[in-house]
Amino acid sequence: MALKDITLGQYYPVDSKIHELDARTKILAVFAYLVSLFLIKSFTGFGVAALFLFICVKMSKVPFSFVTRGFKPILMILILTIIINVLSGTGEPILTWWIIKITKEGIYRAGFMAIRLILLVFGSSVLTLTTKPISLTDGLEKIFSPLSVIGIPAHELAMMMSIALRFIPTLMEETDKIMKAQSSRGADFENGTLKEKAKALLPLLVPLFVAAFRIAGDLAMAMEARCYNGGKGRTRMNEMHYRKGDAVAAVVIVIYLALIILSRNFTLF
Amino acid sequence: MRIEVKDLSYVYSAGLPYETKALDGINFVAEEGDFIAIVGSTGSGKTTLVEHLNGLLKPTTGQVLADGVDINSKDPEARKLRRQIGIVFQYPEYQLFEESVIKDVMFGPKNQGFSEAECKERAVHAMNLVGIDPEKYGEVSPFALSGGQKRRVAIAGVLAMNPKVLILDEPTAGLDPKGRRDILEMITRIKDEQNLTIFLVSHNMDDVVEFASRVIVLKRGTIRLMGTPRDVFHNLEEVIAAGLDLPQGPSFSQYLLSRGVKLKRTLTFDETVDEIVRVFKKE
Ligand SMILES: Nc1ncnc2c1ncn2[C@@H]1O[C@H](COP(=O)(O)OP(=O)(O)OP(=O)(O)O)[C@@H](O)[C@H]1O
Ligand SMILES: [Mg+2]
């Protein structure tokens, strides 16, 4: 089933040094990594960034085949980015055909953007592959909780996010069930023109919406029955703690950022 | 239609750390007109097994044959056979979607390519079979019906496709005793009228004893016991080991035996009553 191929946002349960890190550390590290990708000006810098990511993936014990799986959904975007960048390059054309002009700068820029996009996706999937969705939202809540003084409801936002994350698998399961039921009544979700395909979705979407409302109603009832009334005064079962590994990770990230900034000035190629 | 399952195994999420072997080396034959009950504790693989019988899941290894043809082969014949195997899922009422009951029941036949008039005729027939009056309920929204009525409409939606094999995954879950009996009696009636082959997944052993001609007991993806209800429930230890309840009859006669009353092993409720009367009259 195609739905199961999406690994972006899927947790891979193994024990590793990366899995053990505090969610906050990982969120901030990934944020730093994403920012660093936009600081890079040369392929040397990307070399450093790719090597860093490679080491992280190796340490996380998540198989490479699993990391690259999350890549399929964005393949189209990647190809489009490459084409647009190759075609919109300025400078001396090395190949001209009809209205198409391909320049050295264009190819250079396309390669640059493609690598940046690939690293962006891989970098963020390392976070989701090694952190349970619940720890992720807890981490985000902690990071943003200082903002509640200026009226940003960090807890409520985090709660909404964890509920949304929690119900992705449930809704997928529901989708899977409904699809099976309708296909055994002869529904065809794969063949046909675009219009037919859109129409074929109706027998899937109506029951899915009904299910979503049913689930939401049940959940609201269950939360109220357990006296949930917002974030004020709530304590948590598993407090988050920074450990030694988090300090090491922080140092590593700082060194990495320093290297990236240095690479802006020393270009090898 | 004759269904044959050969060395069927199925693994969920193959190759991932959380892969589960849901079925392991399943073999059985269902003859035309058989009423087969599939029982087993939660997670034993019942749903996984029945989803193989009409090609919704493809075996990891092994084969499912319908009248001797592998239903998963590319043969157009296989496609035609798959369409004659109807399946009613657990809580089928959740798959209703049309604006009126009759339209929902017509969905299957429409996909089979019948004309509007023919679809309607089949839908009316199917609704009559399940005891939903087409005159009264035909134009009502399916979401306005009670749970039991929705269930019947969903079953009608499958029956309207004229299946030769009917698979029901816990069709009576969550219904009251009368609703349960009604549905099972209806299934038996339709089976006899149209000579269907029935697969029924059930947690209720009394229903199994009363309605099934053969029983398959699953435990952790393998067949533990198979045979007529009498043979299967004769093997009380195995049945209990598979995590099943005993039907009322054997359960009560077992109790009397353990308390020193000498009586024959029985199967159905009525048989048990007769046996107890016989024993006590003799004393
Ligand atoms: N979509 C799935 N992905 C992964 N594992 C699954 C999936 N569906 C079922 N399983 C696993 O396969 C095994 C058999 O499940 P199955 O649904 O066939 O059980 P069942 O006998 O129908 O149970 P129940 O009586 O609760 O309906 C279980 O261990 C279950 O956890
Ligand atoms: Mg089941």
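Draft legend 1. Structural context of the overall build of chain B. When you go through chain B residue by residue, the secondary structure sums to 12 helices and 10 strands. For chain B, whose C-alpha radius of gyration is 21 Å, the value lies close to the compact-globule estimate of 19 Å for 283 residues. When the backbone C-alpha atoms are referred to their principal axes, chain B occupies close to 70 × 50 × 35 Å. Taking all 283 residues of chain B together, 50% fall into the buried category. Counting only contacts in chain B whose residues sit at least 6 apart along the sequence, the fraction spanning at least 24 positions is 62%. Element-wise, carbon and sulfur atoms account for 49% of the exposed surface of chain B, whose accessible area totals about 13,000 Å².

Draft legend 2. Quick peek at the site of ligand 1. All names here are of chain B. Not every one of the 14 residues close to ligand 1 is listed here, only the nearest: Gly-43, Gly-45, Lys-46, Thr-47 and Thr-48. Note that a nitrogen atom of ligand 1 is positioned 3.5 Å from one of the side-chain N or O atoms of Thr-20. Within the contact set of ligand 1, an oxygen atom lies 2.9 Å away from a backbone nitrogen or oxygen of Gly-43. Contact with the protein chains hides 66% of the accessible area of ligand 1, taken as 640 Å² for the molecule alone. Secondary-structure elements contributing two or more residues to the shell around ligand 1 are β2 (20–30) and α1 (46–53). In terms of residue class, the shell around ligand 1 is built from two nonpolar, 10 polar and two charged.

Draft legend 3. Representation of the pairing of strand β8 (residues 197–201) of chain B within the structure. Residue and element names in this part refer to chain B. In terms of burial, β8 is a largely internal element, five of the five residues being buried. Side chains Thr-197, Phe-199 and Val-201 project from β8 onto one buried face, and the interleaved Ile-198 and Leu-200 project onto a second face that is buried too. For strand β3 (residues 35–39) and β8, the ladder comprises four bridges, and the chain directions are parallel. Note that in β8 the partner of Ile-38 across the bridge is Val-201. Across five bridges, the pairing between strand β7 (residues 165–169) and β8 is parallel. In the strand pairing of β8, Leu-166 is matched with Ile-198. What joins β7 to β8 is helix α7 (residues 177–194), and the crossover it makes is right-handed.

Draft legend 4. Summary view of the packing of aromatic side chains. This model, assessed by the stated rule, comprises 14 aromatic pairs over all chains. Taking 5.1 Å as the distance between ring centres and 90 degrees as the angle between the ring planes, the aromatic pair formed by A:Phe43 and A:Tyr108 counts as edge-to-face. Pair noted here: A:Phe43 is in helix α3 (residues 43–60) and A:Tyr108 is in helix α6 (residues 104–130), with a separation of 65 residues, a long-range link. Of the residues examined, A:Tyr108 reaches a relative accessible area of 41% and is grouped as partly exposed. A connected cluster of aromatic rings, assembled from ring pairs, spans A:Phe43, A:Phe46, A:Tyr108 and A:Phe112. Here the guanidinium or amino end of A:Arg24 rests over the ring plane of A:Tyr242, the centre of that ring lying 4.2 Å away. The side chain of B:Arg122 reaches across the aromatic face of B:Phe114, ending 3.8 Å from its centre.

Draft legend 5. Structural view of the domain arrangement of chain B. All names here are of chain B. Each assigned domain of chain B is listed with its residue range as follows: domain 1 (3–245) and domain 2 (247–283). Centre-to-centre, using C-alpha coordinates, domain 1 lies 33 Å away from domain 2. Both sides of the domain 1 and domain 2 interface together cover about 820 Å² of buried area, and 63% of this is carbon and sulfur. When the buried surface of domain 1 facing domain 2 is broken down by residue, Val-209, Arg-230 and Leu-236 rank first, second and third, together holding 54% of it.

Draft legend 6. How the structure looks around the interface of chain B and chain A. Every contact between the two is made by 20 residues of chain B and, on the other side, 19 residues of chain A. Where chain B abuts chain A, roughly 1,800 Å² becomes buried across the two surfaces, and 64% of that area is made up of carbon and sulfur atoms. Of all residues in chain B, B:Tyr94, B:Gln95 and B:Phe97 give up the largest surface area on contact with chain A, accounting jointly for 29% of the area buried on that side. For the pair chain B and chain A, the interface holds two salt bridges. As a salt-bridge pair, A:Arg185 and B:Asp104 come within 3.0 Å of each other at their nearest N and O atoms. Across the chain B-chain A interface, the total number found is four residue pairs in polar contact (both at pLDDT 80 or more). Ranked by residues supplied to the side of chain B that touches chain A, first place goes to helix α3 (residues 101–111) of chain B with four residues. Residue classes in the side of chain B that touches chain A are distributed as 13 nonpolar, five polar and two charged.

Draft legend 7. View of the domain arrangement of chain A. Partitioning chain A into domains gives domain 1 (1–131 + 242–269) and domain 2 (153–238). Domain 1 of chain A and domain 2 of chain A are separated by 31 Å when their C-alpha centres are compared.

Draft legend 8. Representation of the nonpolar core within the structure. With 51 residues, the main nonpolar core has B:Val105, B:Leu159, B:Leu166, B:Ile187, B:Val208, B:Val217 and B:Phe233 as its most contacted residues. Those residues in contact with B:Val217 that sit more than four places away from it in its chain are B:Val39, B:Thr222, B:Ile223, B:Arg224, B:Leu225, B:Val232, B:Ala242 and B:Leu244.

About the cut-offs
- Residue numbers restart at each chain and count upward from 1, following the sequence in its written direction.
- Lettering for chains starts from A, numbering for ligands starts from 1, and both go in the order in which the items are written.
- Owing to the predicted nature of the model, reporting of local features is limited to residues with pLDDT of at least 70; listing and counting of side-chain atom pairs is limited to 80 or more, with chain, interface and lining totals taken over all residues.
- To obtain the side-chain values, all non-hydrogen atoms of the structure were used and water was disregarded.
- Strands here are runs of E lasting at least two residues and helices are runs of H or I lasting at least four, both read from the DSSP assignment and numbered beginning at the N terminus.
- Only the C-alpha atoms count toward the radius of gyration. The rule for a globule is 2.2 Å times the residue count to the power 0.38.
- Note on exposure labels: buried denotes an accessible area under 20% of the residue type's maximum, exposed denotes more than 50%, and partly exposed covers the range between, all computed with a 1.4 Å probe on protein chains only.
- Residue contacts follow a heavy-atom distance rule, with two residues in contact if any of their heavy atoms lie within 4.5 Å.
- Surface exposure here means Shrake-Rupley accessible area, sampled with a 1.4 Å probe, where a residue is shielded only by the protein chains that are shown.
- Whether a residue is near a molecule or strand depends on its heavy atoms: it is near if one of them lies within 4 Å of it.
- Here a polar contact means two N or O atoms within 3.5 Å. Within protein one must be a hydrogen donor candidate and the other an acceptor candidate, and residues neighboring in sequence count only if both atoms are side-chain atoms.
- Under this grouping Gly is polar, as are all residues other than the nonpolar Ala, Val, Leu, Ile, Met, Phe, Trp, Tyr, Cys and Pro and the charged Asp, Glu, Lys and Arg.
- Pairing between strands requires that DSSP locate at least two bridges from one strand to the other.
- The handedness of a crossover follows from its direction of travel: if, with the strands pointing away from the viewer, the path from the first strand over the helix to the second runs clockwise, the crossover is right-handed.
- In this scheme Phe, Tyr and Trp rings, the latter by its six-membered ring, pair at centre separations within 6.5 Å, and the angle between planes marks the pair as stacked below 30 degrees, edge-to-face above 60, and tilted otherwise.
- Placement of a positive charge over a ring is assigned whenever Lys NZ or Arg CZ falls within 6 Å of the ring centre and within 35 degrees of the normal to the ring plane.
- Bear in mind that the domain bounds are from an automatic or database domain assignment.
- For any pair of parts, buried area is found by adding up, for both, the accessible area (1.4 Å probe) each one loses once the two are put together.
- One side-chain nitrogen of Lys or Arg within 4 Å of one carboxyl oxygen of Asp or Glu is enough to make a salt bridge.
- Residues enter a nonpolar core if they are buried and are Ala, Val, Leu, Ile, Met, Phe, Trp, Tyr or Cys, with the set joined through side-chain atoms within 4.5 Å.

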